[in-house]
Amino acid sequence: VCLIELDEGPRMMSRVEGVPADAATIGMRVKARIAEENGSPFVVFEPV
Amino acid sequence: MDRFPRGNAVFAGVSTFGIKGGDGLQPIDFAARAAILALEDAGLKIGDVDAVFTALPPTEDAMSGLSVCEYLGINSRLTDNNRVGGSSFQTMAIQAAVMLEAGLCDVALITYGSNQRSATGKLITASKPFPYESRYRPVAPASSYALAASRHMYEYGTTRRQLAEVAVAARQWANLNPEAFAQGPLSVDEVIGARVVSDPLGVLDCCLVTDGAAAAVMVRAERARDLPNAPVYLLGGSAATTHRWISCMPDLTTSATALCAPRAYAHAGVTPQDVDVVELYDAFTINTIMMLEDLGFCAKGEGGAFVENGAIAPGGRLPVNTNGGGLSCTHPGMYGMFTMVEAVRQLRGAAGARQVAEAEIAIAHGNGGSLSSQAVLVLGGPSTV
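Residues numbered from 1 in each chain as written. Chains lettered and ligands numbered in written order. Predicted model: local features only at pLDDT ≥ 70, side-chain atom pairs only at ≥ 80, totals over all residues. Heavy atoms only, no water.

All names here are of chain B. Note that the residue after Ala140, namely Pro141, is joined by a cis bond; omega there is -5°. Relative to the elements of secondary structure, Pro141 occurs in the loop between α5 (131-134) and α6 (142-156). Of note, the amide linkage connecting Asp199 to Pro200 takes the cis form, showing an omega dihedral of 10°. Take Pro200: it is sitting in the loop between β5 (196-198) and β6 (201-202). Here the phi dihedral of Glu358 falls at roughly 55°; this positive angle occurs in a residue that is not glycine. With respect to the helices and strands, the residue Glu358 is situated in the loop between α14 (336-348) and β10 (361-368). (Helix = DSSP H or I, 4+ residues; strand = E, 2+ residues; numbered from the N terminus.)

Shown next as structure tokens:
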């Protein structure tokens with residue numbers, strides 16, 4: 001898990017997907033994507 | 001400046017019980033036995049108690065204050081069941097001090113017990129998950145502290161070895177405490193090489209899962225003159241809450257201890273340089289580093305360097321968590337009660353092989369939730385009043 005600081009201000013818990021866990025680093029710019037699990041949508045992030 | 005009743009309330013009796021296991025006892029049995037032992041230590045009887053403060057594991061009994069009164073047969077003038085987590089007991093001591101000064105009670109009992117290890121083998125969590133976090137499956141509560149640790153490492157260059165030094169120091173103190181649950185040699189490399197729980201924290205960076213109980217009896221200083229043990233004075237106490245869940249923590253590297261510690265020092269009229277022994281809530285190794293900063297023993301960001309080379313271990317420059325802490329002595333779910341008991345034992349000069357020479361001023365710190373609720377007590381020996 002990670003904490004994502006949004007450009008708009010708030011911070012949220014999420015996951016960075018699309019890279020190995022140890023390649024997701026603090027300070028990296030990421031972009032939101034809507035993922036789905038068991039038919040229910042939620043927000044994850046991917047490297048820009 | 002607030003008007004804390006400095007030195008008016010004292011710890012007249014303390015106890016610990018069942019840290020190595022309770023043989024089928026329930027949490028209330030643990031808490032009741034600790035209460036009786038603390039009253040014996042104080043030279044008082046159950047019938048003398050007129051205020052009860054407790055917090056049994058919330059999954060066990062959310063109204064545990066009532067249960068403890070019933071079990072012990074106490075007609076309490078005030079029953080409190082604070083639920084700010086592991087710092088509940090510091091908060092209770094602050095309330096008890098104010099009530100004692102106001103004459104609203106004469107003998108306050110604070111007691112806690114848990115059979116966490118023998119009942120479940122896992123850390124008991126206190127509430128249902130937060131949906132905005134649980135969706136991402138954090139390991140509760142380790143991931144919250146792991147996120148704070150990662151941020152501390154990123155901002156200040158704190159290292160994995162420095163975190164491990166905290167666990168090693170705690171173990172070295174535990175090796176001097178016959179009550180401690182985890183004993184034996186422990187190296188920095190073993191801590192770093194242990195199974196990862198939530199990166200960067202491994203299993204030896206996490207507090208123990210034990211049974212255990214502890215209690216304290218507080219009275220006004222004048223009453224303590226007739227009691228068997230030299231009183232330990234409550235010189236100051238303050239609490240602060242900044243958030244509930246880690247994603248809402250204002251600054252991941254600074255806890256609410258930075259808010260309440262200055263208030264507690266001001267009550268006591270002391271500075272960190274005056275403190276002889278520090279008992280702080282080490283739920284995870286990052287806590288010790290962060291709290292030493294927030295308690296004012298070093299600047300923000302320097303906690304990692306501060307703990308290097310055995311500086312907080314026996315023989316080091318600052319004795320920290322002399323019972324072995326939550327990391328190596330005991331952690332039955334809410335450890336804050338044990339920092340108070342160990343601080344009292346140190347100031348009485350009754351800490352055996354782990355006694356800090358000429359200890360006169362001690363900190364007993366509590367942490368609750370996800371670094372959410374912090375509370376700091378300053379305790380003093382006879383020379384401080």
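Additional details are given in the paragraphs that follow.
The next point concerns the interface of chain A and chain B. The extent of an interface is frequently quoted as the accessible surface area lost upon association of the parts. Across the contact, 16 residues belong to chain A and 18 residues belong to chain B. A buried area of about 1400 Å², summed over both sides, lies between chain A and chain B, and 58% of it is on carbon and sulfur atoms. Our enumeration of links across chain A and chain B arrives at one salt bridge. Viewed at the interface, chain B and chain A are joined by six residue pairs in polar contact (both at pLDDT 80 or more). Where the side of chain A that touches chain B is concerned, the elements lending two or more residues are β1 (2-5), β2 (11-14) and β4 (40-47) of chain A. (Contact = heavy atoms within 4.5 Å. Buried area = accessible area lost by both parts, 1.4 Å probe. Salt bridge = Lys/Arg side-chain N within 4 Å of Asp/Glu carboxyl O. Polar contact = N/O pair within 3.5 Å; in protein donor to acceptor, adjacent residues only side chain to side chain.)

This part is about empty space enclosed by the protein. A probe as big as a water molecule, rolled over the atoms, marks out the empty space that is left. All names here are of chain B. Per the stated rule, a full pass over the model turns up two cavities of 30 Å³ or more. Taken as a whole, the largest cavity encloses approximately 60 Å³ of empty space. Along the walls of the largest cavity sit Thr16, Ile19, Asn177, Glu179, Asn323, Cys329, Thr330, Phe338, Val341, Glu342, Arg345 and Arg354, which together make up its complete lining. In terms of residue count, α14 provides more of the lining of the largest cavity than any other element does, four residues in total. Of the residues that constitute the lining of the largest cavity, the class distribution is four nonpolar, four polar and four charged. Estimated volume of the second largest cavity: approximately 40 Å³. Val166, Ala170, Asp282, Thr288, Ile312, Val320, Asn321 and Leu327 together form the lining of the second largest cavity. (1 Å grid on protein atoms, 1.4 Å probe; cavity = no way out; pocket = protein on both sides within 12 Å on 5 of 7 lines; lining within 4 Å. Points joined across faces, edges and corners; volume = space filled by probe spheres on them. Nonpolar A, V, L, I, M, F, W, Y, C, P; charged D, E, K, R; others polar.)

Turning next to helix α2 (residues 64-72) of chain B. Burial in α2(B) covers these residues: B:Ser64, B:Gly65, B:Ser67, B:Val68, B:Cys69 and B:Leu72. In this structure, the buried side of α2(B) is in contact with α1 (27-42), β2 (51-54), β3 (78-80) and β4 (108-114) of chain B. (Buried < 20%, exposed > 50% of the residue type's maximum accessible area, 1.4 Å probe, protein only.)

All names here are of chain B. Enumeration over the complete set of coordinates arrives at 19 salt bridges over all chains. A salt bridge links Lys45 to Asp48; the nearest nitrogen and oxygen atoms lie 4.0 Å apart. Accessibility expressed as a relative area gives 58% for Lys45, which makes it exposed. The residue Arg77 makes a salt bridge to Asp50 at a minimum N-O spacing of 3.1 Å. Of this pair, Arg77 sits in the loop between α2 and β3 while Asp50 sits in the loop between α1 and β2; the two residues are 27 residues apart in sequence, bridging distant segments of the chain. Via salt bridges that share partners, Asp50, Arg77, Asp106, Arg220 and Glu222 belong to a single interconnected network.

Residues and elements named next belong to chain B. In terms of nonpolar packing, the biggest core is built from 131 residues, with Phe11, Met218, Leu295, Met337 and Leu379 touching the most fellow members. Here Met337 is in contact with Phe89, Ile110, Tyr112, Ala214, Ala215 and Ala216, once residues within four sequence places are set aside. Ranked by size, the runner-up nonpolar core spans six residues in total, among them Ala167, Val168, Leu186 and Val191. (Core = buried A, V, L, I, M, F, W, Y, C linked by side-chain atoms within 4.5 Å.)

What follows is about the packing of α1(B) against α2(B). Residue and element names in this part refer to chain B. At a closest axis distance of 10 Å, the pairing of α1 and α2 adopts a crossing angle of 60°. Judged by the inter-axis angle, α1 sits oblique to α2. As α1 runs across α2, the sense of the crossing is right-handed. The segment α1 lies against α2, with Ile28, Asp29, Ala32, Ala35 and Ile36 engaging Ser67, Val68, Tyr71 and Leu72. The class makeup of the residues in the contact of α1 with α2 is seven nonpolar, one polar and one charged. (Axes fitted to C-alpha atoms, helices over the stretch in contact; angles between N-to-C directions. Parallel < 35°, antiparallel > 145°, perpendicular 65-115°, else oblique. Left-handed = near helix turned anticlockwise from the far one by under 90°.)

A few words on the environment of B:Asn175. Residues and elements named next belong to chain B. Here Asn175 is to be found in the loop between α7 (160-174) and α8 (188-193). On the accessibility criterion, Asn175 (37% relative accessible area) is partly exposed. Remark: the alpha-carbon pair of Asn175 and Arg161, spanning 14 residues in sequence, is separated by 21 Å. With residues up to four places along the chain from it excluded, the contact list for Asn175 reads Gln183, Gly184 and Pro185. Engagement of the side chain of Asn175 in a polar contact is seen with the backbone nitrogen of Gly184, the distance being 2.8 Å.

Further remarks concern the sheet that holds β2(B). Sheet strands pair by backbone hydrogen bonding; their relative direction is either parallel or antiparallel. All names here are of chain B. Spatially, the nine strands line up as an open sheet ordered β3-β2-β4-β7-β1-β8-β11-β10-β9, and their pairing is mixed. A single partner strand is all that each edge strand has here, and the edge strands are β3 and β9 (277-279). Recorded for the sheet is a direction-independent mean angle of 20° between the axes of neighbouring strands. Sitting on the sheet, α2 is in contact with β2, β3 and β4, with an inclination near 125° to β2. Seen against the sheet, α14 touches β1 (9-17), β4, β7 (212-220), β8 (232-241), β9, β10 and β11 (373-380) and runs at an angle of roughly 110° to β1. (Pairing = 2+ DSSP bridges.)

Keep in mind these values describe shape, not function.
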